[in-house]
Amino acid sequence: MDATVTETWVNKHRLLYDSATRHPFILSIRDGSVDFSSFKKWLGQDYIFVRSFVPFVASTLMKSCKERNDESDMEVILGGMASLNDEINWFKKEASKFHVSLTSVIPQNANVKYCSFLESLTSSEVEYPVAISVFWAIEAVYQESFAHCLEDGNKIPQELQETCERWGNEGFGSYCKLLRDIADRCLQKASPDVIAKAEVFFLRVLEHEVEFWNMSVGEP
Ligand SMILES: Cc1ncc(CNC=O)c(N)n1
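- Taking an unreviewed UniProt entry as the reference, the protein chain is identified by name as aminopyrimidine aminohydrolase belonging to Artemisia annua.
- In its Pathway (unreviewed entry) section, the UniProt record describing the protein chain reads: "Cofactor biosynthesis; thiamine diphosphate biosynthesis."

### Side note on the site of the ligand
Part 1 of the reasoning: In the vicinity of the ligand, the contacting residues are D46, F49, V50, F53, E87, Y114, I138, E139, Y142, W167, E209 and F212.
Part 2 of the reasoning: D46 places a polar side-chain atom, nitrogen or oxygen, 2.6 Å from a nitrogen atom of the ligand.
Part 3 of the reasoning: Interatomic distance of 2.7 Å between a side-chain N/O atom of E209 and a nitrogen atom of the ligand.
Part 4 of the reasoning: Calculation on the ligand without its partners gives an accessible area of 310 Å², and the protein chains cover 100% of this total.

### Observations regarding the nonpolar core
Part 1 of the reasoning: Core analysis: the biggest nonpolar cluster contains 74 residues, and I29, W42, F56 and F146 have the highest contact counts within it.
Part 2 of the reasoning: Broken down by element, the residue count for this core peaks at 14 residues, all from helix 7 (residues 128-150).
Part 3 of the reasoning: Beyond its immediate sequence surroundings of up to four residues, F146 is in contact with I26, I29, W42, T163, C164, W167, G168 and W213.

### Observations regarding the packing of helix 2 (residues 14-21) against helix 7
Part 1 of the reasoning: At a minimum axis separation of 8 Å, helix 2 and helix 7 run at an interaxial angle of 65°. In terms of axis orientation, helix 2 runs roughly perpendicular to helix 7. Mapping the contact onto sequence places Y17, A20 and T21 in helix 2 and A140, V141, E144 and S145 in helix 7.
Part 2 of the reasoning: A class-by-class count of the residues in the contact of helix 2 with helix 7 yields four nonpolar, two polar and one charged.

Here is what the cut-offs are and how they apply
- Residues numbered from 1 in each chain as written.
- Predicted model: local features only at pLDDT ≥ 70, side-chain atom pairs only at ≥ 80, totals over all residues.
- Heavy atoms only, no water.
- UniProt positions renumbered as here; feature names shortened; annotations may be inferred.
- Near = heavy atom within 4 Å.
- Polar contact = N/O pair within 3.5 Å; in protein donor to acceptor, adjacent residues only side chain to side chain.
- Areas by Shrake-Rupley, 256 points an atom, 1.4 Å probe, with all protein chains shown as cover.
- Core = buried A, V, L, I, M, F, W, Y, C linked by side-chain atoms within 4.5 Å.
- Buried < 20%, exposed > 50% of the residue type's maximum accessible area, 1.4 Å probe, protein only.
- Helix = DSSP H or I, 4+ residues; strand = E, 2+ residues; numbered from the N terminus.
- Contact = heavy atoms within 4.5 Å.
- Axes fitted to C-alpha atoms, helices over the stretch in contact; angles between N-to-C directions.
- Parallel < 35°, antiparallel > 145°, perpendicular 65-115°, else oblique.
- Nonpolar A, V, L, I, M, F, W, Y, C, P; charged D, E, K, R; others polar.

In structure tokens:
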């Protein structure tokens, strides 16, 4: 069987893909050497990110409704939106556990850039295959990263177990697989121009994700 478009991308850009999904920050969670101040920084910044992820997902949902192909696409994306609602509440709970004040978090440069990238993709000019590929890639990076933390032999600090399970659990894995199938189906029907554009944006996602992890471990 031929490789799907997303398989081709992941294989072709394996180094960058691995630097996003096997970042030192993630490896430090897995081996238990993580610095809690880095974790708290990540938590505050990711809360801001997730809030700007919502309008991007909403815009992708609208695009899926306008495509008159498979109505289950819309349901998968809608499910993703519903879990973002849970996630925002989870961030609030987690922040209070770690004494992080979410209202006083100042978005850092890498985060501001990532959020404006997402905002630019909410435009109705951005094609559905591009948006759904970006959506899949964003979710997949977290899924692969935290699922790796949970693999056998981990020494995850007990306080961070829930975080790893949030994105590393099997349910989230199946959801990412559904997003990937939707992306591949759309890409298969897309024009070479649109496929090329989606690949460029896939790479941008990976770069932003690496910068995002870097920000968590970096100064200040
Ligand atoms: C920076 C970043 N990338 C991906 C995700 C996962 N998607 C939604 O939660 C996330 N929370 N943060």
